[in-house]
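Residue-level structural notes
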Amino acid sequence: MKVRILYFASFRDAAGRPEEVREVPPGTRISDLWEILAREIPAFGRFPRMPPAAVNRLSTVAFHTLEDGDEVAYLPPVAGG
Amino acid sequence: MNGKYLTHDPIDLAAFLAEARPSDGAVCLFVGVVRNESEGEETVAIEYQAYEEMAELELAHVVASVSHEWPGAFVRICHRVGRLSVGEPSVAILVTAPHRDTAFAACRLAIEWLKETVPIWKREIRPDGSGEWVEPKSPSLLSEGRTPLSDTLFNPKWRQEDLP
């Protein structure tokens, strides 16, 4: 199944791109996907566990299981206002 | 592309002040402005970046939550994204209410909640063009894995179509 991953701020700089579409096996949790990405992007490795994340624009928990077509965003510490 | 709560254009503060209703005795306008210094270093500009679709939902929820917390308050929020120079407003929060207790408290609540929950990031740009993404010292509500918006969907008190 395919998921669309969005990157922002420091994560976008580290990933070198604003987004990507990734093929993942059914049953992949959002935390599993983070581990895959952290192996490819060294800067992500500084987070001992998954940062806050959103699936389809709703913040969620690490064991959230992904579905085909999901929009995923891992969120660096927010700093609005 | 400008949304209901986010804009790529300069914020029109005069339009905000025109929102007071005849029943309002108090108008409270908070404006966040880009300042020229941070942590002892000079700032010439700030770049704001947002997860725009999610930020629109979260800002709607800030408005709904604050209005629920402070009945009688009218709340309006606008946050600008893009590159802003020193002195330019980055966020405007208007609260109007019959009396000032509500207006002050709701306005304060709105900015604090916005800072905790809305997926917006900022990069402070130095005179040499360099700049780091700001990382707040304390964890936000967002880092708890749930935000007021998520709570709403699990909370039968509000339905999503009730959001402004």
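Thresholds applied
- Residues numbered from 1 in each chain as written.
- Chains lettered and ligands numbered in written order.
- Predicted model: local features only at pLDDT ≥ 70, side-chain atom pairs only at ≥ 80, totals over all residues.
- Helix = DSSP H or I, 4+ residues; strand = E, 2+ residues; numbered from the N terminus.
- Buried ≥ 20, exposed ≤ 12 C-beta atoms within 10 Å, placed from the backbone.
- Contact = placed C-beta atoms within 7 Å.
- Axes fitted to C-alpha atoms, helices over the stretch in contact; angles between N-to-C directions.
- Left-handed = near helix turned anticlockwise from the far one by under 90°.
- Nonpolar A, V, L, I, M, F, W, Y, C, P; charged D, E, K, R; others polar.
- Pairing = 2+ DSSP bridges.
- pLDDT = per-residue confidence, 0-100.
- Core = buried A, V, L, I, M, F, W, Y, C linked by C-beta atoms within 7 Å.

**Some thoughts on the overall build of chain B**
From N to C terminus, chain B includes four helices and ten strands. For chain B, the sequential pattern of α-helices and β-strands runs β-α-β-β-β-β-α-β-β-β-α-β-β-α. Relative to its 164 residues, chain B shows a buried fraction of 36%. Within chain B, residue pairs in contact and separated by at least 24 positions form 74% of the contacts whose partners lie at least 6 positions apart.

**Things to note about the packing of helix α2 (residues 52–69) of chain B against helix α3 (residues 100–117) of chain B**
Residues and elements named next belong to chain B. The geometry of α2 relative to α3 is characterised by a closest axis approach of 10 Å and an angle of 145 degrees between their N-to-C directions. Remark: the crossing between α2 and α3 carries right-handed chirality. On α3, the residues touching E58, V62, S65, V66 and E69 of α2 are A106, L109, A110, W113, L114 and T117. Counted by class, the contact of α2 with α3 contains seven nonpolar, two polar and two charged residues.

**Here's the deal with the pairing of strand β1 (residues 2–6) of chain A**
In regular strands, side chains alternate between the two faces of the sheet. Residues and elements named next belong to chain A. With five bridges connecting them, β1 and strand β2 (residues 19–23) associate as antiparallel partners. The residue of β2 that forms the bridge with R4 is V21. Alignment of β1 against strand β5 (residues 71–74), held across three bridges, turns out to be parallel. Bridge pairing in β5 places L6 opposite A73.

**A look at unusual backbone geometry**
Residue and element names in this part refer to chain A. Positive phi values are uncommon outside glycine, yet N56 reaches one of about 55 degrees. For N56, the location among the structural elements is in the loop between β3 (53–55) and β4 (58–60). In this structure, R57 takes a positive phi of about 75 degrees despite not being glycine. With respect to the helices, strands and loops of the structure, R57 is situated in the loop between β3 and β4.

**With respect to the confidence of the model for chain B**
All names here are of chain B. Chain-level statistics for chain B give a pLDDT mean of 88 and a share of 84% at 70 or above. Here residues 152–160 scores under 50 on pLDDT; set against residues more than four positions off or in separate chains, the count is five contacts. This prediction of the complex comes with two scores: 0.89 for pTM and 0.95 for ipTM.

**Examining the nonpolar core**
Residue and element names in this part refer to chain B. Formed by 63 residues in total, the largest nonpolar core has its most connected members in I77, V95, A106 and A110. Considering each element in turn, this core owes the most residues, seven residues, to α2. In this structure, V95 is in contact with C28, A73, F74, V75, A103, A106, C107 and A110, ignoring residues within four places of it in sequence.

**Overview of the interface of chain A and chain B**
Accessible area lost when the parts come together is the quantity often used to give the size of an interface. With 19 residues of chain A in contact, the opposing surface of chain B contributes 28 residues. Taken together, the elements giving at least two residues each to the side of chain A that touches chain B come down to α1 (9–15) and β4 of chain A. Top contributing element to the side of chain A that touches chain B by residue count: β4(A), with three residues. When grouped by side-chain class, the residues that make up the side of chain A that touches chain B number 13 nonpolar, five polar and one charged.

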